[in-house]
Amino acid sequence: MIARLALGLALLFLLPPGRALAERPPVPVTVPYYPGGYDYDRGHDAMIAGEKVIALAAFDRSCAMGNAKSCYNVGLLSEELFKADSDKARRKAALSGFDRACAGGFQRGCVAAAGYYRSALSGVQDLPRALDTLRRACDVGEADGCGDLAEMLYHGQGTAPDLAAARRYYRLGCERGGRALNCFNIGLMTLKGIGGPPDRLAGFDYYHRACRLGSEKACTNLAFEYAQNDWNPEDLSIGKGLFKMACDKGEMIACKNLGYLAERADQGAAGKKQAAVYYRQACEGGEGEGCRSLGILASDGVRVAGHKREATGLYVRGCNMGSARSCYNAGFMYLIGYHTPTQTRTALDWFAKGCNGGDPASCGGAALAALWLGEDTVGGGIDNAGRWLLYGRSLDPANAFLGTVSDYLTKRTALPPLPQPE
C-alpha cells in the first residue's frame, strides 16, 4: 500500500506543468478600481512625454469622474499653461481644480486652494475660508496644511495673532514630514522661546531636520549655534562644516560667517587673506554684511580685499544691499574724507539710510552730520541733530556711542554762563 502511494505521488509530480495547473480551480484576479483611472493614467503618461495640453484634457476628464488627484493636477497644469493668459483666467481654472481636489479629499488641493484665499492679489481673498480650509487639512494629517495654518496664526491673518497655537501647528507640520520651512520655524520659535518656553535641545533637533530637508537657513542657524561654542573644538568644527555646506548651496550669510571664523582663528595675514575670499563671495552674492567686512579689511590695508580707496565703494554697496551697518561705515568715510573729499551732506544721507534701517550708531552719525551742516542747510541744525539722536535712543537706549554724541551736542550748544548778582 505504501509503495502504491509512493508511485502515485511520483506520477503526480511528473505530470506536465500545464496539465497540473489546468486541474486547479481558477483564482479570480481583482484589479483595484478608482474613478477616472484610465484618464488619470493617460494624463500621467502625457506629462512624462511633455504633452501638457493633452495631459490637462485627460486629467480634466478624470477629475469630472471624481478623481481628486486628477483635479489637483488640473490646478497645477492650469497655473503653468495659462501664465501667458490673463491672471483672472488662470486663477479661475487653477482654483477650480484645487477646490474640486479638496472637496474630493485630496488635502494638498486644500492647501493650494487656501493659498489663493490668503492672497490679496488673487482677487478671491477670503481669510476666514483659508483658515478653515487649512485647519481641516491639518486635522486629517496634511503636514503643509499645519505649516500654512501656523503662518497665518503667527502673523494674525484673518484672526488675532496666536503664537502658542502657531508653535503647536509648526511642530505638527514638521513632525508629519512637511516642508523644511515648518521645521525651521518651529526650531526658531523653540530656541527663542516664542509661543512657549525655550528648549535648546528640541530647537537643535528641529534645525537638524530642516537642514537635512534642504533648508540652507536652518544649516546656517545651526552652524551659528555650534560655532558659538568655540571652547569646544568639536562643536566649532561642526559649525564650520555646516557653514561651508550652506555657503556652497548659495546661503551668502554663511559665506560671510566663514570669513569671520577664518579671521578669528588666525589674526595674521593668512587668516585675513582667507577671510577676504569668503567676504568677497558673500558680497558678490548679495550679502551686504559681506561687503562691509570686505571693506573693513580693505581699509585696514589687506591688499587681497582691495585698495584702501575701494573701501568706501564697498560700504556703499553693502548699504544698498540692506546692511544698515554698512551705511554707517559709508557715512563715516564721507564725513572724515577718507580717500575722498569731505562731503558732510552725502555723509548725512548715508547715516540717515542706516538709521532708518535700524542701526543706532548711524543715528548718532546723522546727528553729528546735521549739527556740522548748520542751521542754514536743509536737514541741518541742532533741532534735526536732536531728532536723529532721539530716534537712535528709541532703538537702543543704552548705546554708548549715542551717549558720547549726546554729551558732545550738549557741550556744543551750552548757553554761556549768566552774570551773578552781587
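Residues numbered from 1 in each chain as written. Predicted model: local features only at pLDDT ≥ 70, side-chain atom pairs only at ≥ 80, totals over all residues. Heavy atoms only, no water.

> Mind laying out the overall build of the chain, listing which residues take part and the relevant values?
For the chain, the helix and strand inventory stands at 23 helices and zero strands. Put simply, the chain has 422 residues, and 45% of those count as buried. (Helix = DSSP H or I, 4+ residues; strand = E, 2+ residues; numbered from the N terminus. Buried < 20%, exposed > 50% of the residue type's maximum accessible area, 1.4 Å probe, protein only.)

> Give a description of the nonpolar core that names residues and reports values.
Residues Tyr 169 and Phe 243 are the most contacted members of the largest nonpolar core, which totals 64 residues. Dropping the residues within four chain positions of it, Phe 243 is found in contact with Thr 220, Ala 223, Phe 224, Ala 227, Ala 254, Asn 257, Leu 258 and Leu 261. (Core = buried A, V, L, I, M, F, W, Y, C linked by side-chain atoms within 4.5 Å. Contact = heavy atoms within 4.5 Å.)

> Let's hear about the state of the cysteines: which residues, and what values?
Joining two cysteines, a disulfide is a covalent bond between their sulfur atoms. Applying the stated criterion across every chain yields a total of nine disulfides. Here Cys 102 engages in a disulfide with Cys 110; their sulfurs sit 2.1 Å apart. Its torsion about the S-S bond being 95°, the disulfide of Cys 102 and Cys 110 is classed as right-handed. Accessibility classification places Cys 102 together with Cys 110 in one group, the buried group. (Disulfide = S-S within 2.5 Å.)

> Could you give an account of helix 14 (residues 233-248), naming the residues involved and the relevant values?
Relative to the 22 Å expected for 16 residues at 1.5 Å per residue, helix 14 spans 22 Å between its end C-alpha atoms, a close match to the ideal helical length. Tucked inside the fold, the buried residues of helix 14 contact helix 12 (200-212), helix 13 (216-227), helix 15 (252-265) and helix 16 (269-284). Positive backbone phi, at 105°, marks Gly 250, one or two positions downstream of helix 14. (Expected span 1.5 Å × (residues − 1).)

> Quick one: what's the story with the side chain of Arg 118, residue by residue and with numbers?
Structurally, the position occupied by Arg 118 is in helix 7 (residues 107-118). Assessed through its relative accessible area of 16%, Arg 118 is described here as buried. In contact with Arg 118, not counting residues within four places along its chain, are Gln 125, Leu 127, Ala 130, Leu 134, Asp 148, Glu 151, Met 152 and Gln 157.

> Could you give an account of the side chain of Thr 312, with specific residues and numbers?
With respect to the element layout, Thr 312 can be found in helix 18 (residues 311-320). Using a relative accessible area of 8% as the deciding quantity, one classes Thr 312 as buried. Apart from residues no more than four positions distant in its own chain, Thr 312 is found in contact with Met 333, Tyr 334 and Tyr 338.

> Tell me what's going on with helix 5 (residues 68-81), and back it up with residues and numbers.
Residue pairs three or four apart in sequence face the same way in an α-helix, which turns once every 3.6 residues. With 14 residues, helix 5 extends 20 Å between its outermost C-alpha atoms, agreeing within 8% with the 20 Å of an ideal straight helix rising 1.5 Å per residue. Taken together, the buried positions of helix 5 are Ala 68, Ser 70, Cys 71, Tyr 72, Asn 73, Val 74, Gly 75, Leu 77 and Ser 78. At the N-terminal end of helix 5, a side-chain oxygen is found 3.1 Å from the backbone nitrogen of Lys 69, two or three residues along, and the residue is Asn 67. (Polar contact = N/O pair within 3.5 Å; in protein donor to acceptor, adjacent residues only side chain to side chain.)

> A description of the environment of Lys 256 should follow, citing residues and the corresponding values.
By the element assignment, Lys 256 lies in helix 15. Owing to a relative accessible area of 12%, Lys 256 belongs among the buried residues under this scheme. Along the backbone, Lys 256 and Gly 288 are 32 residues apart, and their C-alpha atoms lie at a distance of 9.5 Å. When neighbours within four sequence positions are excluded, Lys 256 is seen to be in contact with Tyr 279, Ala 282, Glu 287, Glu 289, Gly 290 and Ser 293.

> Can you tell me about the pattern of salt bridges, naming the residues and giving the values?
Applying the stated rule across the entire model yields 16 salt bridges. Between Glu 151 and Arg 118 there is a salt bridge, with the nearest N and O atoms lying 3.1 Å from each other. With Glu 151 in helix 9 (residues 143-155) and Arg 118 in helix 7, this residue pair connects regions lying 33 residues apart in the sequence. Given a relative accessible area of 26%, Glu 151 falls into the partly exposed group. With its nearest N and O atoms 3.1 Å apart, the salt bridge here joins Arg 200 to Glu 225. Placement of the pair is Arg 200 in helix 12 and Glu 225 in helix 13, with a sequence separation of 25 residues. Take Arg 200: its relative accessible area is 44%, and that puts it in the partly exposed class. When salt bridges that share partners are traced, they join Asp 144, Asp 148 and Arg 179 into one network. (Salt bridge = Lys/Arg side-chain N within 4 Å of Asp/Glu carboxyl O.)

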